[in-house]
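Understanding the architecture of this molecule
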Amino acid sequence: MTVSYTLEVADARFGGFSKLLFRWKGSIYRLLYKDLLAFCAVYLFFSLFYRFLLSPQQQDLFERIALYCDQFTNTSFIPVLFVLGFYVTLAFNRWWGQYSSFPLPDNLMMAVCGNVHGADERGRLLRRTLMRYANLSSVLILRSVSTRVRRRFPTLEHVVEAGFMTTRELKKFESLHSDFNKYWVPLTWFSNLAAAAREEGRVRDDVALRLLMDELNKYRGKCSLLFHYDWISIPLVYTQVVTLAVYSFFGFCVIGRQFLNPEKGYKDHKMDMYVPVFTLLQFFFYAGWLKVGELIINPFGEDDDDFETNQLIDRNIQVSMLAVDDMYQNLAPVEKDKHWAQRHFSVPYTVSTAAETLKPAFKGSAFDMRTSADDLEIHRPADSSYLPLKGSLGEGLDSLLQRGQGILRGRSLPSLVDASTYPNEDDGASPDVNIVNHREQNALIKVAVGHE
């Protein structure tokens with residue numbers, strides 16, 4: 001079962017996370033204690049072997065080997081932090097993507113309830129069958145990716161016994177030959193049945209049918225995405241690299257982190273201890289990080305924090321049938337609300353939350369910004385139609401304005417637009433000349449209108 005502790009960390013307080021450290025179910029202790037015990041046993045074996053079973057000459061050789069291994073564990077020769085951090089980030093994004101792709105029928109059941117009409121037995125049968133097909137598709141895909149669901153429905157006969165499929169539908173399903181997963185077949189039944197409901201008039205127009213198909217395609221897309229998440233894993237080579245990096249690092253630590261004889265004056269070996277506290281902490285963090293990646297890379301297993309797929313199946317079929325059957329046109333009488341006669345009203349608070357009414361409402365970060373006198377003064381620029389230009393450019397614009405105003409005085413604007421749209425076919429000028437005149441007239445009209 002998924003371990004939820006959200007309520008316990010709802011408020012930030014002193015030592016807020018410390019209470020979570022003493023949990024066992026879903027904890028890192030339960031996930032890592034066997035590996036930690038194995039590491040301690042191997043470390044203790046080499047420690048006793050070095051101290052009591054080796055001759056002085058053999059101890060010298062062991063000490064040289066330990067110093068050689070230790071120089072690699074105290075440097076970045078093995079990039080454990082880099083490969084672990086990137087791997088766990090990749091696994092977490094994959095984990096969240098798998099959760100987001102879980103097929104939930106909520107949008108689809110709302111579309112069915114609002115667009116497949118009929119309070120008689122036929123209408124009820126259509127709505128329930130449509131949602132049963134949708135839930136059947138999710139059960140079929142979850143049987144393929146989740147060990148929990150597979151153990152619950154080991155065969156299709158168990159699916160029939162659970163009520164997701166009828167015996168005749170099972171025969172029809174098995175008669176369809178395909179070398180690939182057939183989780184999509186019930187969704188095809190859904191689309192065919194929706195089309196039949198449209199022909200019967202249960203779905204009143206094509207817009208409603210289109211809405212049903214759109215929601216069905218979104219639902220099918222999530223089922224397909226779930227299948228492909230299970231099919232395409234994180235590349236095996238990267239998982240192997242991360243595992244080898246962590247295991248080889250602590251393999252060297254087993255020998256390199258041994259406490260050597262302090263009387264021989266080795267560097268950083270001035271104290272003799274039997275328990276390598278900081279090495280054990282390092283193992284706990286690094287190996288625990290690797291275990292987190294191992295836990296979330298496939299959340300459809302049976303670990304403590306894996307997805308509750310069976311519970312989601314129960315929830316989906318229950319709310320689907322409740323929405324399209326019991327709640328179809330089952331409304332409470334429409335009445336005036338409590339604040340009908342009040343233009344301005346406020347919603348009451350309890351005594352423990354009444355202090356929140358004293359806080360001013362947030363209206364925007366710049367709403368109460370202080371302003372100076374210059375900010376409040378209005379600047380009115382001089383009223384001029386256009387800035388005077390000097391030189392040949394100014395004279396050219398003045399000439400264009402005068403010609404445009406002359407054209408406007410002689411004819412109305414609609415007639416000018418009509419005339420400018422079609423060049424004069426009676427002119428003896430060539431078509432290219434007409435086109436040039438036509439463009440010039442349009443430019444003059446636009447300039448003159450803007451000036452007016």
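I will try to describe carefully the structure that is included in this document. What you see is a predicted model; the values in this text were computed from it and never measured.

Of regular secondary structure, the protein chain possesses 17 helices and 0 strands. Taking all 452 residues of the protein chain together, the buried fraction comes to 34%. Sequence-distant contacts, at least 24 apart, represent 73% of the contacts inside the protein chain between residues at least 6 apart.

What follows covers unusual backbone geometry. Positive phi, normally seen in glycine, also occurs at D268, with a value near 65°. As for its placement among the helices and strands, D268 is situated in the loop between helix 11 (236-256) and helix 12 (277-296). The phi torsion at Q329 lies on the positive side, around 55°, for a residue other than glycine. Taking the relative accessible area as the measure of exposure, Q329 reaches 57% and is therefore exposed.

Position of Q98 among the secondary structure elements: in helix 3 (residues 80-100). In contact with Q98, other than residues within four places in its own chain, are L226, Y229, I296, I297, P299, F300 and F307.

With that settled, the discussion passes to the environment of C40. Inspection of the secondary structure assignment puts C40 in helix 1 (residues 28-53). Residues C40 and V254, spaced 214 residues apart in sequence, show a C-alpha to C-alpha distance of 8.8 Å.

Our focus in this paragraph is the packing of helix 3 against helix 10 (residues 206-231). Put simply, helix 3 and helix 10 touch, their axes get as near as 9 Å, and they point 150° apart. For the crossing formed where helix 3 meets helix 10, the hand is left-handed. Contacts from R94, G97, Q98 and S100 in helix 3 reach K222, L226 and Y229 in helix 10. A per-class count over the contact of helix 3 with helix 10 returns 2 nonpolar, 3 polar and 2 charged.

Before going further, it helps to spend a moment on the packing of aromatic side chains. Under the counting rule described, the total for this entry stands at 26 aromatic pairs. Where W95 meets F307, the ring centres are 5.9 Å apart and the plane angle is 40°; that geometry is what we call tilted. Taken together, the residues span a long stretch of sequence, with W95 in helix 3 and F307 in the loop between helix 12 and helix 13 (309-326) at a distance of 212 residues. By relative accessible area, which is 21% here, W95 ends up partly exposed. Members of the aromatic cluster, connected to one another through ring pairs, are F92, W95, W96, Y99, F300 and F307. Its end group placed over the ring of Y274, R51 keeps NZ or CZ at 4.3 Å from the ring centre. The positively charged end of R127 is found above the aromatic ring belonging to Y328, 3.5 Å away from the centroid.

This next bit is on the pattern of salt bridges. Under the defined criterion, the tally for this structure stands at 22 salt bridges. Between R23 and E8 there is a salt bridge whose closest N-O contact spans 2.2 Å. Of the two residues, R23 is situated in the segment before helix 1 and E8 in the segment before helix 1; the sequence distance between them amounts to 15 residues. Put simply, K291 and E294 hold a salt bridge, and the shortest N to O gap is 3.4 Å. With K291 and E294 both in helix 12 and 3 residues apart, this pair spans about one turn of that helix.

Below, the discussion takes up helix 12. In this model helix 12 runs 28 Å from its N-terminal to its C-terminal C-alpha over 20 residues, within 8% of the 28 Å that 1.5 Å per residue would give. Along helix 12, the positions that sit buried rather than exposed are T279, Q282, F283, Y286, A287, G288, L290, K291, G293, L295 and I296. Its buried side turned inward, helix 12 meets helix 1, helix 3 and helix 11.

Our next topic: the nonpolar core. The biggest cluster of nonpolar side chains holds 49 residues, and the ones touching the most others in it are V112, L142 and V159. For this core, the elements supplying multiple residues, two or more each, are helix 4 (106-115), helix 5 (121-145), helix 7 (156-162), helix 8 (167-175), helix 9 (185-200), helix 10 and helix 13. Among the elements that line this core, the one with the most residues is helix 5, at 11 residues. Formed by 29 residues, the second largest nonpolar core is a distinct cluster that contains L32, A245, L260 and Y286.

Time to look at the layout of surface pockets. The volume enclosed by the largest pocket comes to roughly 1,400 Å³. Along its surface, the largest pocket is lined by 39 residues, and V3, Y5, G26, L295 and D305 are the ones closest to its centre. Counting residues per element, the lining of the largest pocket draws most heavily on helix 12, which supplies 7 residues. Of the residues that constitute the lining of the largest pocket, the class distribution is 22 nonpolar, 6 polar and 11 charged.

Right, let's get into the side chain of N310. Counting through the fold element by element, N310 comes out in helix 13. Among the residues examined, N310 registers a relative accessible area of 19% and is labelled buried. Residues within four places of N310 in sequence aside, it is in contact with R148, V149 and R152.

Relative to the assigned elements, T279 resides in helix 12. Separated by 22 residues in sequence, T279 and R257 place their C-alpha atoms 7.4 Å apart. A polar contact is formed between the side chain of T279 and the side chain of R257, at a distance of 3.2 Å.

Moving on, we come to the packing of helix 4 against helix 5. For the pair helix 4 and helix 5, interaxial distance at closest approach is 10 Å and the crossing angle is 165°. By the angle between their axes, helix 4 is roughly antiparallel relative to helix 5. Seen along the crossing, helix 4 lies across helix 5 with a hand that is right-handed. Within the contact between the two elements, helix 4 uses L108, M109 and V112 and helix 5 uses R127, L130, M131 and A134. Grouping the constituent residues of the contact of helix 4 with helix 5 by class yields 6 nonpolar, no polar and 1 charged.

The rules behind these values
Residues numbered from 1 in each chain as written. Predicted model: local features only at pLDDT ≥ 70, side-chain atom pairs only at ≥ 80, totals over all residues. Heavy atoms only, no water. Helix = DSSP H or I, 4+ residues; strand = E, 2+ residues; numbered from the N terminus. Buried < 20%, exposed > 50% of the residue type's maximum accessible area, 1.4 Å probe, protein only. Contact = heavy atoms within 4.5 Å. Axes fitted to C-alpha atoms, helices over the stretch in contact; angles between N-to-C directions. Left-handed = near helix turned anticlockwise from the far one by under 90°. Nonpolar A, V, L, I, M, F, W, Y, C, P; charged D, E, K, R; others polar. Phe/Tyr/Trp six-rings, centres within 6.5 Å; stacked < 30°, edge-to-face > 60°. Lys NZ or Arg CZ within 6 Å of the ring centre and 35° of its normal. Salt bridge = Lys/Arg side-chain N within 4 Å of Asp/Glu carboxyl O. Expected span 1.5 Å × (residues − 1). Core = buried A, V, L, I, M, F, W, Y, C linked by side-chain atoms within 4.5 Å. 1 Å grid on protein atoms, 1.4 Å probe; cavity = no way out; pocket = protein on both sides within 12 Å on 5 of 7 lines; lining within 4 Å. Points joined across faces, edges and corners; volume = space filled by probe spheres on them. Polar contact = N/O pair within 3.5 Å; in protein donor to acceptor, adjacent residues only side chain to side chain. Parallel < 35°, antiparallel > 145°, perpendicular 65-115°, else oblique.

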